[in-house]
Amino acid sequence: MAGTSLNLELRVGQPAGAALVRDYLAGQPGALAFYAGHFRDVSAYEAKAAEVDGRFDLAAREQAAEAVGVPPGADPDRLERFVAEGGYFVTTGQQPGLFGGPLYCVYKGLTAVRLAQALESRLGRPVLPLFWVASEDHDWAEANHTSIVGLDNELHTPTLAAPHADRHPPLHRIPLGPGIRRILDETIQFLPDTDFSAPYLELLRESSREDRTLPGSFRTILEHLLGPFGLYFTDAADFALKAASRPWLDQELERAAELEQALLETGSRLEGAGYGLQVTLLEGGVNLFLEGAAGRERLYRDDEGYHLRTSGERLSAADIRARADADPSVLSPNVLLRPVVESAVFPTLSYVAGPGETAYFAQLAAYFEAYGIRMPVIHPRFGATVVESKIRKVLDKFGLDVADLDRPFHEIASEIARDDVPGDVRAALGALRGAIGKNVAELQNAVKSLDPTLKGPVQHLRSQAFDALTDLEKKIVHAVKRENEIALAQLEKAQLHLFPGGRPQERVLSPFYYLTRYGGAFLQEVSEAFRVNLS
């Protein structure tokens, strides 16, 4: 836990999730066998740096730099030093989300910043943090909304309607359109008017013009928020990046069967070690997407060449290459190939991953090796739960911690109500329960010699009495709940702030909730709380 100067607490940790990720965080040998060393071990980064230096000369670093954007507030001289002095990258990335996505997008970027600083200090070479905007993604429903706890203490999720009902083009193809004006107005009305809010509301307006795309808006927002911390950006659909990555996409097409086998063998080892697969491996699935009649579609190979399942289109390798020659943006990597492309184009030491990503990277070591690349060191991102002072007061009132609210509210309310039942009532209920048990036992013994078959009716009497007592206890608890209705309502609102919709705060809430209340100092406090420890 980190205290701040902003009258709030930051509960900082590294989200785990699956058993594989928990074991990796703990440094268990069984899990480490699937990764390029442990993320706290500086020798793992040194080994990766040596491998990178064997593949990247001055020209290769110059090519990498061409695909990197310098955001407002970042130092362009750092990018020049990266080329001249043989520097490296710490990368991270995310599918775009409306208005900058949820909090964890910011947390990923700041983790990359802090890790790059620590590695530069240890390696003595420039290490730049780089955020990959996954603009080629086509899952509109995952990207088209934002969530904010409004001034009314209710959770609101403004959502931008899908522009295509039956097609799924990559996000970078889709303008926000006129519908964004209503969604923007709806979002802004949930934010407070404070001394800090004006520049953030202006940022929302400027980044959300009708002609902008969702990835473009997302990048603009994160550049303004995280550029001053030294975070650089690249876009999956950037022309320079597409040109640099094309040879690797061609390799995937040509070697699909061989590379599929490498993934299957690692998957089998993972399952044999007791870990499941994060990314399902589909027979014949090529780790490439091609834009077709139905939008962005997964390529599949068969005896006659390749096909797209949704549109039913059949193609040869020459057809696919010709389409990519005419428009490089139509061919793109899937979730497994994308990290390989990133490490092929950029001299990457480490990837800052969320828990799901950390799990699927365990499937990739042999896949990287098949491309002649050592997998980067996977550094789990930091996460944070923000506990405002008003929330802390409610928790203290009930003697609860943050983790106590991570369950259905009716369970919390019932537990508190039981604890608040007056002592004399609890004592009387306990005495009555004990008396029923004692007297029924005496009755059983008394009738045993008279007629053994009377044991059943006596047991039935006991069950009826205890059922009636349980019903009475529930009514007493409900009466206490009614008495504490206002206090419990406060607790329910506290839960909404910490676990909105039953999910961790960082996976739901927009950073603008906190930025408009606390200003840029909020990001500074979060950055300082993310402490990277290397040994």
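See above for the structure.
Worth saying up front: this structure is predicted, and the values here are computed from it rather than measured.

Conventions we followed
- Residues numbered from 1 in each chain as written.
- Predicted model: local features only at pLDDT ≥ 70, side-chain atom pairs only at ≥ 80, totals over all residues.
- Heavy atoms only, no water.
- Helix = DSSP H or I, 4+ residues; strand = E, 2+ residues; numbered from the N terminus.
- Buried < 20%, exposed > 50% of the residue type's maximum accessible area, 1.4 Å probe, protein only.
- Pairing = 2+ DSSP bridges.
- Right-handed = clockwise from strand over helix to strand, strands pointing away.
- Phe/Tyr/Trp six-rings, centres within 6.5 Å; stacked < 30°, edge-to-face > 60°.

Asker: What is the right way to read the side chain of Ser207 from this model?
Answerer: The residue Ser207 is located in helix α9 (residues 197-207) in this model. Given the relative accessible area of 0%, Ser207 is considered buried.

Asker: I keep staring at the pairing of strand β3 (residues 88-94) and nothing clicks. Help me out?
Answerer: Along any regular strand, the residues point their side chains to alternate faces of the sheet. Taken across its seven residues, β3 has seven buried, putting it largely inside the fold. Alternating positions in β3 separate into two faces, Tyr88, Val90, Thr92 and Gln94 on one and Phe89, Thr91 and Gly93 on the other, with burial throughout. Across seven bridges, β3 lies against strand β4 (residues 127-133) in parallel orientation. Its bridge partner being in β4, Thr91 is matched across the sheet by Leu130. Traced from β3 through helix α6 (residues 103-123) to β4, the parallel crossover comes out right-handed. Relative to strand β13 (residues 348-353), β3 is paired through three bridges, and the arrangement is parallel. Residue pairing for β13: Val90 is matched across the bridge by Ser350.

Asker: Got a minute to help me understand the packing of aromatic side chains in this structure?
Answerer: The geometry of two aromatic rings is summed up by the distance between their centres and the angle between their planes. Inspection of the entire model under this criterion finds 17 aromatic pairs. Geometrically, the ring pair formed by Trp132 and Phe346 is edge-to-face, given 6.5 Å between the ring centres and 85 degrees between the ring planes. Placement of the pair is Trp132 in strand β4 and Phe346 in the loop between α14 (337-345) and β13, with a sequence separation of 214 residues. Accessibility classification places Trp132 together with Phe346 in one group, the buried group. With 6.4 Å between their ring centres and 70 degrees between their planes, Tyr200 and Phe512 make a pair best called edge-to-face.

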